[in-house]
Amino acid sequence: MNKSIRNWIPIRVYPNGSGLAVDWCYAGETRFTQPFFRDSVQQILRSPFSLLFRRQTSIEVLHESASENETIPPTGFIFHMSRCGSTLVSQMLAALPSNIVISEAPPIDSVLKHVAGDLSVTTSLLRSLVNVLGQKRGKDEERFFIKFDSWNTLDLERIQTAFPDVPWIFLYREPIEVIVSQMQKRGSQMIQGSVERIIPGVHLQEALTMSAEEYCARTLASFCESALEHANDVNAMLVNYNELPEAALTSVLGHFRVSLDEDELRRMRTVAQFNAKTPQLVFEPDSESKQASATDAARDAAARWVDPLYEKLESMRLERKK
Amino acid sequence: MPYNGFEEFREIVLDDESLQKQLRDLMDMDEFITRVVELGRSHGFSFTAYDVGDAVRASQRSWVEG
């Protein structure tokens with residue numbers, strides 16, 4: 001097959017026989033502006049043509065297509081522990097037409113999940129996929145950011161190997177506030193067995209015996225441990241939720257080597273007034289209410305498994321600010 | 001052949017930028033399906049609007065369930 005994929009995007013990567021296959025849809029110049037990649041794709045698929053005329057190809061086509069079009073190399077990566085302002089940061093960046101922002105894209109997670117063994121294969125595949133996702137489809141686009149799924153923090157090593165020069169941030173928050181949020185509405189990664197080996201050394205049988213609070217806390221701990229392991233990298237920056245939204249307009253942009261004018265900053269600031277995941281709603285701070293509503297089980301789990309790691313992250317972050 | 005030959009026509013469209021351009025900007029589903037059937041006829045196919053509608057529903061299912 002030698003069909004142009006200009007303005008086509010990979011929306012799914014999945015196992016097919018002995019290899020991987022790619023599902024593509026035509027996106028034209030439609031920007032990714034929804035909180036999550038899947039929502040943006042759903043929006044694109046409202047076009048009858050994009051819905052009906054999708055391509056399914058082998059993974060090799062991804063490699064072939066990677067060099068076909070003008071593409072923007074990644075400007076910055078966002079890693080996070082979940083429920084800690086990462087969607088706020090990605091939505092603030094997506095407010096600007098000059099930014100391509102991919103948020104928790106299933107194709108990226110699929111590659112990391114299904115190509116676990118050979119590092120060179122993962123590197124090659126990730127680069128081709130990111131290259132195609134970073135296609136310049138709009139005339140104003142000049143930067144490209146990727147927000148990964150929270151559990152991809154465990155893949156930091158592999159992602160850094162593929163992109164050794166891309167600056168990245170790790171967003172985190174007071175663990176009890178994240179646990180309370182997860183207990184109110186659990187993300188898929190917090191359901192035992194949904195993400196393999198999310199807690200290193202813990203097999204499914206053991207995970208199934210844990211309380212929801214313990215499983216959540218130990219999962220958050222694994223994210224924090226991975227971030228700490230790589231936090232001294234020159235490309236790394238730690239960002240606490242309590243620094244948002246201002247940090248997204250100052251230190252984060254500086255770390256990503258991005259300089260914006262006042263109008264662009266104003267546009268980003270406007271986004272911060274709204275709930276990042278449900279932009280029709282106004283943002284309401286909820287740290288106090290989360291702290292107040294925490295159960296003893298949640299507090300115990302946070303204290304035992306995550307708080308010490310949070311303290312280390314804070315110590316490193318504050319040390320860097322001096 | 002699923003959808004009465006539509007799958008073969010789909011491959012022709014995917015290979016032909018000029019055909020794609022005639023369909024990409026149609027946002028109304030009924031108008032879109034009508035045009036797909038017209039283009040199919042002009043290429044010697046006899047699938048109907050019902051066949052295209054079935055293909056659309058299958059595409060939606062594959063996205064939702066995938």
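Residues numbered from 1 in each chain as written. Chains lettered and ligands numbered in written order. Predicted model: local features only at pLDDT ≥ 70, side-chain atom pairs only at ≥ 80, totals over all residues. Heavy atoms only, no water.

J.: Pulling in residues and values, what's your account of the interface of chain A and chain B?
T.: In this complex, chain A contributes 17 residues to the contact, which on the side of chain B involves 24 residues. In this assembly, chain A packs against chain B so that about 2,000 Å² is buried in total across both faces, 65% of it on carbon and sulfur atoms. At the junction of chain A with chain B, the criterion picks out zero salt bridges. Viewed at the interface, chain B and chain A are joined by eight residue pairs in polar contact (both at pLDDT 80 or more). (Contact = heavy atoms within 4.5 Å. Buried area = accessible area lost by both parts, 1.4 Å probe. Salt bridge = Lys/Arg side-chain N within 4 Å of Asp/Glu carboxyl O. Polar contact = N/O pair within 3.5 Å; in protein donor to acceptor, adjacent residues only side chain to side chain.)

J.: Help me get a handle on the side chain of A:Arg143, residues and values and all.
T.: Residues and elements named next belong to chain A. Counting through the fold element by element, Arg143 comes out in strand β6 (residues 143–147). By relative accessible area, which is 9% here, Arg143 ends up buried. Within the structure, Arg143 has its side chain in polar contact with the side chain of Glu142 (distance 3.3 Å). If near-sequence neighbours (up to four positions away) are discounted, Arg143 is found in contact with Ile72, Thr75, Ser98, Asn99, Ile100, Val258, Ser259, Leu260 and Glu264. (Helix = DSSP H or I, 4+ residues; strand = E, 2+ residues; numbered from the N terminus. Buried < 20%, exposed > 50% of the residue type's maximum accessible area, 1.4 Å probe, protein only.)

J.: Quick rundown of the packing of aromatic side chains? Include the residues and the values.
T.: Evaluation of the coordinates by the stated rule reveals 19 aromatic pairs over all chains. Residues A:Phe145 and A:Phe256 carry aromatic rings whose centres are separated by 5.4 Å and whose planes lie at 45° to one another, so their mutual orientation is tilted. In this pair, A:Phe145 sits in strand β6 while A:Phe256 sits in the loop between α12 (251–255) and α13 (262–271), placing the two residues 111 residues apart along the sequence. Between A:Phe170 and A:Tyr172, the ring centres sit 6.2 Å apart and the planes meet at 15°, which makes this aromatic pair stacked. The burial state of A:Phe170 is the same as that of A:Tyr172; both residues are buried. In textbook terms, an aromatic cluster arises when at least three aromatic residues are bridged by ring pairs, as seen for A:Trp8, A:Tyr26, A:Phe49, A:Phe53, B:Phe6, B:Phe9, B:Phe32, B:Phe45 and B:Phe47. (Phe/Tyr/Trp six-rings, centres within 6.5 Å; stacked < 30°, edge-to-face > 60°.)

J.: How would you summarise the sheet that holds β6(A) if you had to cite specific residues and measurements?
T.: Across a sheet, strands are paired by hydrogen bonds formed along the backbone, either parallel or antiparallel in direction. Residue and element names in this part refer to chain A. The strand order across the open sheet formed by five strands is β5-β6-β4-β7-β8, and the pairing between neighbours is parallel. What marks the edges here is a single partner per strand, and that holds for β5 (99–103) and β8 (236–240). On average, each strand axis in the sheet is tilted by 20° relative to the strand beside it, whichever way the strands run. Here strand β4 (residues 76–80) pairs with β6 via three bridges, running parallel. For Gly76, the partnering residue across the bridge sits in β6 and is Phe145. (Pairing = 2+ DSSP bridges. Axes fitted to C-alpha atoms, helices over the stretch in contact; angles between N-to-C directions.)

J.: Which residues make up the pattern of salt bridges, and what are the values?
T.: All names here are of chain A. Scanning the model with the defined rule gives 22 salt bridges over all chains in all. Between Glu243 and Arg317 there is a salt bridge; the shortest N-O distance is 3.2 Å. Residue Glu243 is located in the loop between β8 and α11 (246–249), and its partner Arg317 is located in helix α15 (residues 296–321); the two are separated by 74 residues in the primary sequence. For Glu243, a relative accessible area of 14% corresponds to the buried category.

J.: Account for empty space enclosed by the protein, with residues named and values stated.
T.: Residue and element names in this part refer to chain A. Evaluation of the coordinates by the stated rule reveals two cavities of 30 Å³ or more. Surrounding the largest cavity, Arg31, Phe32, Asn99, Ile100, Val101, Leu133, Gln135, Arg137 and Glu141 form its lining. Here the lining of the largest cavity is composed, by residue class, of four nonpolar, two polar and three charged. Considering only enclosed or pocket space, the second largest cavity measures out at about 40 Å³ in volume. (1 Å grid on protein atoms, 1.4 Å probe; cavity = no way out; pocket = protein on both sides within 12 Å on 5 of 7 lines; lining within 4 Å. Points joined across faces, edges and corners; volume = space filled by probe spheres on them. Nonpolar A, V, L, I, M, F, W, Y, C, P; charged D, E, K, R; others polar.)

J.: Lay out the sheet that holds strand β2 (residues 19–26) of chain A with the relevant residues and their values.
T.: Residues and elements named next belong to chain A. As summarised here, the arrangement of the three strands in space is β1-β2-β3, forming an open sheet in which the pairing is antiparallel. On the outer flanks of this sheet lie β1 (8–16) and β3 (55–58), each paired with one strand and no other. Taking each pair of neighbouring strands and ignoring which way they run, the sheet shows an average axis angle of 30°. Sheet topology note: the β1/β2 ladder contains eight bridges and is antiparallel. Bridging from a neighbouring strand, Val13 pairs with Val22 of β2.

J.: An account of α15(A) is requested, with residue identities and associated values reported.
T.: Residue and element names in this part refer to chain A. Of all the bends found along α15, the most pronounced is centred on Val306 and spans about 55°, while Pro308, a proline, follows it within four residues. Of all the positions in α15, only Ala298, Ala301, Ala302, Val306, Leu309, Tyr310, Leu313, Glu314 and Arg317 are classed as buried. Against β7 (168–172), α8 (175–184), α10 (212–230) and β8 lie the buried residues of α15. (Bend = angle between axes of the 7 residues up to and from the residue.)

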